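Descriptive analysis of the structure
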Amino acid sequence: MKYLHSMVRVRDLEASLRFYCEGLGLREVRRRDVPAGKFTLVFLAAPESPEAEIELTYNWDSSEDYGSARNFGHLAFRVPDIYALCSHLQSMGYTIHRPPRDGHMAFVRSPDLISVELLQAGEALAPVEPWASMPNTGSW
């Protein structure tokens, strides 16, 4: 058996690609438009683990309510500098729902409310402001 991917339904494909690619640094591996089924599949992967993909599924002209996405736990990524990535995401307008107060863990949510856990590679970084005293925001 081999793990292939996790699928996430998205409401706005461009907004989701901005978050996952520009924000988190994932790369688009391949894309498949299926006009007969009125959907697009976009496969993404992290540079250090290209074999573990995320499939974004965009259903054309869908008005389906995907809810708050709490039935799906979260995606997790190990990152080289949690403070730098959180600053980058924040500068793009994303809320850091669970700031990296401990220099080790943070949570952010995608435009489709998928929780994304960010974990510092190696040892935790020393706590620094503004993160050390930043409260949680919303749910993560």
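Residues numbered from 1 in each chain as written. Predicted model: local features only at pLDDT ≥ 70, side-chain atom pairs only at ≥ 80, totals over all residues. Heavy atoms only, no water.

Considerations on the sheet that holds strand S7 (residues 105–109)
Taken together, the four strands give an open sheet; going across it, the order is S5-S8-S7-S6, and neighbouring strands pair in mixed fashion. In this open sheet, the two strands that pair with only one neighbour each are strand S5 (75–79) and strand S6 (96–98). Each adjacent strand pair in this sheet contributes to an overall mean axis angle of 35°, direction not counted. By the bridge criterion, five bridges tie S5 to strand S8 (residues 115–120) in an arrangement that is parallel. Bridged to Arg-78 within S8 is Leu-119. Contacting S5, S6, S7 and S8, helix H2 (residues 82–91) runs over the sheet at an angle of about 145° to S8. (Pairing = 2+ DSSP bridges. Helix = DSSP H or I, 4+ residues; strand = E, 2+ residues; numbered from the N terminus. Axes fitted to C-alpha atoms, helices over the stretch in contact; angles between N-to-C directions. Contact = heavy atoms within 4.5 Å.)

Quick look at the packing of aromatic side chains
Inspection of every chain in the model, using the stated rule, returns three aromatic pairs. Aromatic side chains Phe-19 and Tyr-94 sit 5.0 Å apart centroid to centroid with 80° between the ring planes, which places their arrangement in the edge-to-face category. Of this pair, Phe-19 sits in helix H1 (residues 13–23) while Tyr-94 sits in the loop between H2 and S6, and the two are 75 residues apart along the sequence. Judged on exposure class, the residue Phe-19 and its partner Tyr-94 are both buried. Taking 4.7 Å as the distance between ring centres and 35° as the angle between the ring planes, the aromatic pair formed by Phe-107 and Trp-140 counts as tilted. Of this pair, Phe-107 sits in strand S7 while Trp-140 sits in the segment after S8; the two residues are 33 residues apart in sequence, bridging distant segments of the chain. The ring of Phe-43 is capped by Arg-30, whose NZ or CZ atom sits 4.0 Å from the centre of that ring. (Phe/Tyr/Trp six-rings, centres within 6.5 Å; stacked < 30°, edge-to-face > 60°. Buried < 20%, exposed > 50% of the residue type's maximum accessible area, 1.4 Å probe, protein only. Lys NZ or Arg CZ within 6 Å of the ring centre and 35° of its normal.)

Without other data, these values stay purely geometric and don't point to any function.
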